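Results of the structural survey
Take a look at the letters that make up each chain.
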Amino acid sequence: MTRRGRDGSRRRSYDEPVSSLLRSVREEPRPPGPPPRGWRDWALVAALAPAAVLEGALRPDLPWRTASVVLTVALLPTLLWRRTNPLLMVAIAFGGCGLAGLLTTGEAPALNAMAFVLFLAYALVRWGSGREAVAGAAIAYAKVVLSVVFDGMAGADAFGAFAILSAAMAAGGALRYRARARQRELEQAKLLERERLARDLHDTVAHHVSAIAIRAQAGLATAAADPDAATDALRVIETEASRTLTEMRAIVRVLRADGPPEAAGQRVGDVAALASAAESGPAVEVRMSGDLGEVPPPVAAVVYRLAQESVTNARRHARRATRIEVSVAADDTAVRLRVRDDGEPAEPRPADEADAGYGLAGMRERAGLLGGTCEAGPDPERGWTVTAVLPRAGWAR
């Protein structure tokens, strides 16, 4: 909102940042991928139901004993749908409690087991949209206000209820923000991998274009004296042009977020250069088997990069390791990479930089762009293993 001053200039209103914040909250969509209802949800409901019955039986001072137990047990199933329908579950639970307080006289029916409604408040902010969070918070706080007005809740109790309810919602908001930040960092890691692959492809395309230009010049120079040489040059140009077209299409797929791209770069034989003696760290042993000739450049580049990053990661993080084994095997359909160290068992470690923590995500993205897979994890006995399987054709078309 803007206002005009006496000189006709447009001035920004002080309430514009507030309205912008409220608008962003209202338009906030639901976060993607809430976890499905699982056995833990059923176990929670199954544990709280007998707890509510037991509490009702052991508390002689509980007002409206039967109504309190029935109400609590009847509202427990809301926990099962708290992620998929958070606003509806909050409305049912808090609305039911508020209605029960209005229908009874004196102190409203309540059990300590009713604290499960805090899970609903948490799920409302964690998994609901902005509009759902605002509406659900209004319902929850209205229930507390009704308790103060009609049930005579003390001021200290009301303040505590507001504080606990707000803390549950704040926890949901914090986890929501953390999950979103992590998702953005993962997407950034994937984008960086795509940029690297696009640069590799650019180098490969530049090499093919240079070969075409050289062959064309040679053909022009020998066309008059040796027509056969000119014909051979044209064949080479045709081959290089076909490869260039393939790589150019791959670049387009790399730059498209929804396309399965390819990569290019080092040769598979370059993996052997990773072998080294144990001077200041574990020795690296490389074994190569199978038909490794004529592996497409995109596949060769990914194999080398995955091996290089895995060896670097093992050198940095493998505790008391003495040997790192790298094996590359190829057949008619796939190229398989395995990197294993003999270090002590450890917690999951980052696959690239210790501070970044997203190297493994980048490695999986790099392999996935070619239609392959990359997995990493500790061995049952000791050590850490990285395995990757890539289609030999370069991309599962």
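What you see is a predicted model; the values in this text were computed from it and never measured. (Residues numbered from 1 in each chain as written. Predicted model: local features only at pLDDT ≥ 70, side-chain atom pairs only at ≥ 80, totals over all residues. Heavy atoms only, no water.)

**A closer look at the pairing of strand E5 (residues 334-341)**
Counting buried positions over the eight residues of E5 gives six, a clear majority of the element. Counted between consecutive antiparallel strands, the loop separating strand E4 (residues 323-330) from E5 contains three residues. In terms of strand pairing, E5 meets strand E7 (residues 384-391) through eight bridges, oriented antiparallel. Its bridge partner being in E7, valine 339 is matched across the sheet by valine 386. (Buried < 20%, exposed > 50% of the residue type's maximum accessible area, 1.4 Å probe, protein only. Helix = DSSP H or I, 4+ residues; strand = E, 2+ residues; numbered from the N terminus. Pairing = 2+ DSSP bridges.)

**Brief notes about the nonpolar core**
Within the largest apolar cluster, 31 residues are counted, with the highest numbers of intra-cluster contacts made by Phe116 and Met169. Of all the secondary-structure elements, those providing two or more residues to this core are helix H2 (39-58), helix H3 (65-75), helix H4 (86-103), helix H5 (117-127), helix H6 (130-150) and helix H7 (155-222). With six residues, H4 is the largest single contributor of residues to this core. In this structure, Ala314, Leu337, Val386 and Leu390 belong to the second largest nonpolar core, which totals 29 residues. (Core = buried A, V, L, I, M, F, W, Y, C linked by side-chain atoms within 4.5 Å.)

**Observations regarding H6**
Taking 1.5 Å as the rise per residue, H6 with 21 residues should run 30 Å; its terminal C-alpha atoms sit 30 Å apart, in good agreement. Those residues of H6 lying buried are Gly130, Glu132, Ala133, Gly136, Ala137, Ala140, Lys143, Val144 and Ser147. Along the axis of H6, the buried residues cluster in a sector spanning 165 degrees; they form a single face. Facing away from the buried side of H6 by over 90 degrees, the exposed positions are Arg131, Val149 and Phe150. (Expected span 1.5 Å × (residues − 1). Arc of directions from axis to C-beta.)

**Some thoughts on the pattern of salt bridges**
In a structure, side chains of opposite charge can pair up when their charged atoms sit close to one another. The full count for this structure, using the stated rule, is ten salt bridges. Among the salt bridges present, the one from aspartate 41 reaches arginine 83, with a minimum N-O distance of 2.9 Å. Here arginine 83 lies in the loop between H3 and H4 and aspartate 41 lies in helix H2, a separation of 42 residues in the sequence. Linking aspartate 331 and arginine 336 is a salt bridge whose minimum nitrogen-to-oxygen distance equals 3.0 Å. For aspartate 331, a relative accessible area of 29% corresponds to the partly exposed category. (Salt bridge = Lys/Arg side-chain N within 4 Å of Asp/Glu carboxyl O.)

**Here we look at the packing of aromatic side chains**
Evaluated as defined, the whole model comprises one aromatic pair. If you follow arginine 126 out to its NZ or CZ, it ends over the ring of tryptophan 127, 3.9 Å from the centre. (Phe/Tyr/Trp six-rings, centres within 6.5 Å; stacked < 30°, edge-to-face > 60°. Lys NZ or Arg CZ within 6 Å of the ring centre and 35° of its normal.)

**Digging into the packing of H4 against H5**
Taken N-terminus to C-terminus, the directions of H4 and H5 make an angle of 155 degrees; their axes are 9 Å apart at the nearest point. Between H4 and H5, the crossing angle belongs to the class labelled roughly antiparallel. As H4 runs across H5, the sense of the crossing is left-handed. Residues Pro86, Leu87, Met89, Val90, Ala93 and Phe94 of H4 touch H5, and the partners they reach there are Val117, Leu120, Ala123, Leu124 and Trp127. (Axes fitted to C-alpha atoms, helices over the stretch in contact; angles between N-to-C directions. Parallel < 35°, antiparallel > 145°, perpendicular 65-115°, else oblique. Left-handed = near helix turned anticlockwise from the far one by under 90°. Contact = heavy atoms within 4.5 Å.)

**Quick word on the sheet that holds strand E3 (residues 283-290)**
Pairing in this open sheet of five strands is mixed, and the strands run E3-E4-E5-E7-E6 from one edge to the other. With one partner strand each, in any of the chains shown, E3 and strand E6 (373-378) form the two edges of the open sheet. Pairwise comparison of adjacent strand axes, ignoring direction, gives a mean angle of 10 degrees for this sheet. Bridge count between E6 and E7: six bridges; the pairing is antiparallel. Paired with threonine 373 across the two strands is valine 389, which belongs to E7.

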